[in-house]
Amino acid sequence: MKRTIGFVALFFSITAVAQNRPLQLWFDKPAAQWEETLPLGNGRLGMTPDGGVQKEKVVLNDITMWSGSPQDANNYEAYKQLPQIRSLLSAGKNDEAQKLIDKSFICLGPGSGGPQWGCFQMLADLNINYDYGAEGVQSEYRRWLSIDSAIATTTFTLNGVRYTREYFTSFGDDVDLIRIKASEKGKISFAVGISRPERGESSVAGHALQLTGQLNNGTDGKGMQYLTEVRVLNTGGKQTVRGKELLIEGADEALILVSTATDFRNTNYRSLVTKNMNAALKKSYAIQKQTHVNNFRKLFGRVAVDLGTGPAESLTTDKRLAAYYKQPEADKSLPVLFLQFGRYLSISSTRVGLLPPNLQGLWANQVNTPWNGDYHLDVNVQMNHWPVEMSNLSELNLPLTELVRGLVKPGERTAKAYYNAEGWVAHVITNVWGFTEPGESASWGVTKSGSGWLCNNLWEHYVYSDDVNYLKSIYPILKGSALFYKSILVKDEKTGWLVTSPSSSPENSFYLPNGNHASICVGATIDNQIIRELFNNVIEAAVKLKTDKKLVDTLRAQLKQLPPAGIISPSGRIQEWLEDYKETDKEHRHISHLYGLYPANLITANGTPDLAEAAKKTLEVRGDDGPSWAIAYKQLFWARLLDGNRAFKLLRELLKPTLRTDINYGAGGGVYPNLFSAGPPFQIDGNFGAAAAIMEMVLQSHAGHIELLPAIPDLWKAEGKVKGLKARGNVTVSFEWKDGKVTKYVITSPVKKQVKLKVNGEMKTVWTTAGK
């Protein structure tokens, strides 16, 4: 039977896609560990309530809560070691070169292991002790997070009274709110206090709890200052002070408000706390809640997806995850929930004008977060932003742009100190204080692809938005990065190619002929791919902006001398290094030599079939397990290779449940009951990487055209709908399918234009519809 595919004239309504069933995480008992709590956030503040009946802990967060301070850890004599390092590498003495780097070419001081580096930290614990008057039987317990409204709820019955708590971090007045209600009057009694494991002093000031403190800056101890204020509005009953707690007795209803701020870029942080609290106190709870939901949905409501349903939707989220791993065909909507949860986390963990999400987004329950809760530049912070463009949250890329802009000046000093080079560089790790120096160990710390990789994220925002003013804004950043790589390229004696030396493939190592292992090499594949991509992007930008013709000519000439986007080894795989070294770990978590496949477009299934086939063999050897972020990255690779079933296999692997919280570098990733991705421990990049991969399975636009259902797995083929995803060129795409074939589609853009579209295997040129 021939199908007619509707376009433009055949408008269809999918505004209610997936809205007829709730987008919720839910549980039938309180959280037993933090990874079971419900995450709330508004881009600055975070809150994770555990839903305890007698005692409840609500961990509070502020994305700017950082210890440490700016430092200059550059070794300004390091560049003098370059000739000797390069000579040793040319002679095949990589291990000796690495020793020299460890001695004279890393950062000064302890680097990320020192107190001046700093750490993203929890803000405080809000501790609520409830008094129900008499022992009783609890029943009908339920707590849930509605990710389409950013509100968490806890309900239960005790002694015949129905208790309900609602929690949200307001997208209105920028405070945390907890409303406590009961089905009978006079039944609300509790004591609330606030504390912190260190560097926090709680007190009562009038009718408010206050927590104040100053974090360690790593020098004189006088680092970031903060103030948190807690107020309770009770209806009925009475409110008194007991020690350092507020005591509510016999109330009909109570509203807890938390206002907080740090002095990060804000010397008037104390007045901000007061301002936000006073504004919130003047409004009814109903107005606060409606404003919050409306503002949140302006972002969240842009995208809807429906892949079908299944009986597993009735299960609690922890049981649902366990069932999905065993029988994914019984729950077609869990991937939709996980995708939308990823979008929810993006909206909740960053906002324009503040910081990008770190390794834990903006949530932490410790003072010393794993890996300092910082910004890793060798995949992690980039992965945090991979879904935002396609998921129609483009503006949430801008905080990363500003973080990168802040790295340029310190990166110029680092480029001079270590390479005597033009431009700017950032290596493997950074923090809110602008660290660009190499890390404290040659085995991982001198990877210099970080700054070039960040430029990919900035560039993607341009190609998705088509915003020329933004391009003008980021052009100096891109140009400065290209100038650095242009300055440090040297001719490889064996191949004649221009390469980086020293070089390394992020966090990986190889065997030398003498049996020793090393990480330092010449021309790691990721360097070659990133430089090729960056030079092409800078050329395109310069031509668009009609500037820097001389630089364009130089970059074009160097492009011809770079190694190819991928070298196929005798084993049929893409080499990770310029030489075909034997890996020390064939299943290593990093797959950096496939950067050209994703996020770049240097390797495509149809454009470079030989390299695509070599990428498949590379992934087969790497295996399907790993930390959650590595599993998500592999899911993205298989989506780009147009293998939907293999990409789905990776998604299923990532969604396997775990409660582990140990530090893991190998196999064993998954998700916690609250859908936070697990390395373990919690690392948010797996959430974002998987969200990006799910979208890549149904829509791609990196290969010069828009393709619908490029990598759809068999389990999703029956029928589905997508509304509001973005393609490159500021194009919005909505479509429906049945039996694996697209049946309807609408493609819009701000200005009507022609685009190349591949649908049901047919390439065509179509006009977009003008509109948002």
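Let me begin by describing the structure that accompanies this report. What you are looking at is a predicted structure, and each value in this text was computed from that prediction instead of being measured. Within each chain, residue numbers correspond to sequence positions counted from 1 in written order. Only residues with pLDDT of at least 70 are given local features in this predicted model, and only at 80 or more are side-chain atom pairs given and counted; all residues enter the totals for whole chains, interfaces and linings. Side-chain numbers come from the whole structure's heavy atoms, not from hydrogens or water.

Some thoughts on the overall build of the protein
Note on conventions: DSSP H or I runs of at least 4 residues are helices, E runs of at least 2 residues are strands, and numbering of each starts at the N terminus. Assigned secondary structure in the protein consists of 18 helices and 37 strands. Computed over its C-alpha atoms, the radius of gyration of the protein comes to 27 Å, within 12% of the 28 Å expected for a compact globule of 772 residues. Based on the C-alpha atoms only, the size of the protein along its principal axes is roughly 85 × 75 × 50 Å. Considering only contacts within the protein whose residues lie at least 6 apart along the sequence, 67% involve residues at least 24 apart. Here the open area of atoms and residues is found with the Shrake-Rupley method and a 1.4 Å probe, where only the protein chains shown may cover a residue. Per element, the accessible surface of the protein, about 27300 Å² overall, is 49% carbon and sulfur. The globule rule used for comparison is 2.2 Å times the number of residues to the exponent 0.38, while the radius of gyration itself is calculated over C-alpha atoms. Residue contacts are defined here by distance: any two heavy atoms, one from each residue, within 4.5 Å place the two residues in contact.

Considering the sheet that holds strand E16 (residues 245–251)
Here, strands pair whenever DSSP counts at least two bridges between them. Here we have seven strands laid out as an open sheet, ordered E3-E4-E5-E6-E11-E16-E15, and antiparallel in their pairing. For this open sheet the edge positions go to strand E3 (40–41) and strand E15 (238–242), each flanked by a neighbour on one side alone. Where strand E11 (residues 188–195) and E16 come together, four bridges link them in antiparallel fashion. Bridge assignment links Phe190 to a residue of E16, and that residue is Ile248.

Brief notes about the side chain of Gln700
As for its position among the elements, Gln700 is in strand E30 (residues 699–700). A relative accessible area of 4% places Gln700 in the buried class. Here a polar contact is recorded for every N or O atom pair within 3.5 Å, except that within protein the pair must consist of a potential hydrogen donor and a potential acceptor, and residues adjacent in sequence are included only if both atoms are side-chain atoms. A distance of 2.8 Å separates the side chain of Gln700 from the backbone oxygen of Ala639, its partner in a polar contact. The residues contacting Gln700, other than those within four sequence positions of it, are Ala639, Arg640, Leu642, His705, Ile706, Glu707, Pro710 and Ala711. Accessible area is worked out with a 1.4 Å probe on protein chains only. A residue is then buried under 20% of its type maximum, exposed over 50%, and partly exposed in between.

What to know about the packing of helix H11 (residues 450–465) against helix H13 (residues 525–545)
Between N-to-C directions, angles span 0 to 180 degrees; the directions come from axes that are lines fitted to C-alpha atoms, helices contributing only their stretch in contact. The interhelical angle for the contact between H11 and H13, taken along N-to-C directions, is 40°, at an axis separation of 10 Å. Between H11 and H13, the crossing angle belongs to the class labelled oblique. Considering only the axes of H11 and H13, their crossing is left-handed. Here H11 contributes Gly452, Trp453, Cys455, Asn456, Trp459 and Tyr462 to the contact with H13, which in turn contributes Ile526, Ile530, Glu533, Leu534, Asn537, Glu540, Ala541 and Lys544. All residues other than Ala, Val, Leu, Ile, Met, Phe, Trp, Tyr, Cys, Pro, Asp, Glu, Lys and Arg, Gly among them, are scored as polar; the first ten of these are nonpolar and the last four charged. Residues that form the contact of H11 with H13 fall into these classes: eight nonpolar, three polar and three charged. Geometric relationships in this document are graded by angle, where less than 35 degrees denotes roughly parallel, more than 145 denotes roughly antiparallel, 65 to 115 denotes roughly perpendicular, and other angles denote oblique. Crossing handedness is defined as follows: a turn of the near helix away from the far one that is anticlockwise and smaller than a right angle gives a left-handed crossing, while the clockwise case is right-handed.

Some words on the sheet that holds strand E24 (residues 510–511)
What holds strands together in a sheet is hydrogen bonding between their backbones, with the strands either parallel or antiparallel. Taken together, three strands build an open sheet; the order of strands is E25-E24-E27 and the sheet is antiparallel. Each edge of the open sheet carries a strand with a single partner, namely strand E25 (517–518) and strand E27 (582–583). Here E24 pairs with E25 via two bridges, running antiparallel. In the sheet register, Phe510 faces E25, and the bridge partner there is Ala518.

Concerning the pattern of salt bridges
Note on definitions: salt bridges are taken to be side-chain nitrogens of Lys or Arg within 4 Å of carboxyl oxygens of Asp or Glu. Within this structure, the stated rule accounts for 38 salt bridges. Between Glu422 and Lys486 there is a salt bridge, and its shortest N-O distance comes to 3.1 Å. Of this pair, Glu422 sits in the loop between helix H9 (408–419) and strand E20 (429–430) while Lys486 sits in helix H12 (residues 468–488), placing them 64 residues apart in sequence. The shortest N-O distance in the salt bridge between Lys753 and Asp466 comes to 3.5 Å. Residue Lys753 is located in the loop between strand E34 (741–749) and strand E35 (754–759), and its partner Asp466 is located in the loop between H11 and H12; the two are separated by 287 residues in the primary sequence. Judged by relative accessible area, Lys753 falls into the partly exposed class, the value being 24%. The exposure class assigned to Asp466 is partly exposed, which follows from its relative accessible area of 40%. By sharing partners, the salt bridges in this structure join Asp28, Lys29, Asp318 and Lys319 into a single network.

Looking at helix H4 (residues 285–300)
Between the first and last residue of a helix there are one fewer steps than residues, each counted as 1.5 Å, and that sum is the expected span. Compared with the 22 Å implied by 1.5 Å per residue over 16 residues, the 22 Å span of H4 between its first and last C-alpha is a close match. Listed as buried for H4 are Tyr285, Gln288, His292, Val293, Phe296, Leu299 and Phe300. One side of H4 carries all its buried residues, which in axial view fall inside an arc of 120°. Exposed residues on H4 whose side chains face more than 90 degrees from its buried face are Ala286 and Lys298. Against strand E8 (151–158), strand E9 (161–169), strand E10 (176–182), strand E17 (253–262), helix H3 (269–281) and helix H6 (334–349) lie the buried residues of H4. The reported arc concerns the directions from the helix axis to the C-beta atoms and nothing else.

So, the pairing of E8
Among the eight residues of E8, eight are classified as buried, and the element is accordingly described as predominantly covered. The alternating pattern of E8 places Ile151, Thr153, Thr155 and Thr157 on one face and Ala152, Thr154, Phe156 and Leu158 on the opposite face, and all of these are buried. Sheet analysis places strand E7 (residues 138–146) next to E8, joined by seven bridges and oriented antiparallel. Bridging from a neighbouring strand, Arg143 pairs with Thr154 of E8. Taking the residues that link successive antiparallel strands as the turn, the E7-E8 hairpin has four residues, and the phi of Ala150 there is positive, at about 60°. Pairing geometry for E8 and E9, over seven bridges, is antiparallel. In the strand pairing of E9, Phe156 is matched with Tyr163. Following E8, the chain reverses through two residues before pairing antiparallel with E9; Asn159 in that reversal takes a positive phi of roughly 55°.

Regarding the environment of Val175
Secondary-structure assignment places Val175 in the loop between E9 and E10. Assessed through its relative accessible area of 0%, Val175 is described here as buried. Spatially, the C-alpha atom of Val175 lies 25 Å from that of Gly250, the residues being 75 residues apart in sequence. Leaving out residues up to four positions away in the same chain, Val175 has contacts with Leu45, Phe168, Thr169, Ser170, Val258, Ser259, Asn276, Met277 and Ala280.

Overview of the environment of Gly237
With respect to the helices and strands, Gly237 occurs in the loop between strand E14 (225–235) and E15. In the structure, Gly237 is positioned 27 residues away from Gln210 in sequence and 23 Å away in space, judged by C-alpha atoms. Setting aside residues no more than four positions away along its own chain, Gly237 makes contact with Glu249, Gly250 and Ala251.

Remarks on the nonpolar core
By size, the foremost hydrophobic cluster in this structure holds 234 residues, and its most contacted members are Leu126, Phe190, Ile256, Tyr344, Tyr633, Leu708 and Phe735. It is H12 that provides the largest number of residues to this core, a total of 11 residues. Here, the term nonpolar core denotes a set of buried Ala, Val, Leu, Ile, Met, Phe, Trp, Tyr and Cys residues that are joined through side-chain atoms within 4.5 Å. Core analysis: the second largest hydrophobic core is formed by 10 residues, Phe168, Leu177, Tyr285 and Val293 among them.

A few points about the packing of aromatic side chains
We call Phe, Tyr and Trp rings a pair once their centres come within 6.5 Å, taking the six-membered ring for Trp, and we label the pair stacked below 30 degrees between planes, edge-to-face above 60, and tilted otherwise. In the structure shown here, the tally under the stated rule is 34 aromatic pairs. When the centroid spacing of 5.0 Å and the interplanar angle of 65° are considered together, the rings of Phe510 and Trp577 count as edge-to-face. Taken as a pair, Phe510 in strand E24 and Trp577 in the loop between helix H14 (549–559) and E27 lie far apart in primary sequence, 67 residues in all. Through pairs of rings, three or more aromatic residues link up here, namely Tyr130, Tyr132, Tyr141, Phe156, Tyr163 and Phe190.

Concerning helix H8 (residues 398–405)
Within the sequence span of H8, burial applies to Pro399, Leu400, Thr401, Leu403 and Val404. On its buried face, H8 sits against strand E19 (375–376), helix H7 (380–385), H9, H11 and H12.

Let's talk about unusual backbone geometry
In this model, Ser501 is joined to Pro502 through a cis peptide bond whose omega is 5°. Following Gly679, the chain continues to Pro680 via a peptide bond in cis, the omega torsion being -15°. Structurally, the position occupied by Pro680 is in the loop between strand E29 (677–678) and helix H18 (685–698). Here the phi dihedral of Asn372 falls at roughly 65°; this positive angle occurs in a residue that is not glycine. Here Asn372 is to be found in the loop between H6 and E19. Look at Asn392: it is not a glycine, yet its phi comes out positive at around 65°. Tracing the chain through its elements places Asn392 in the loop between H7 and H8.

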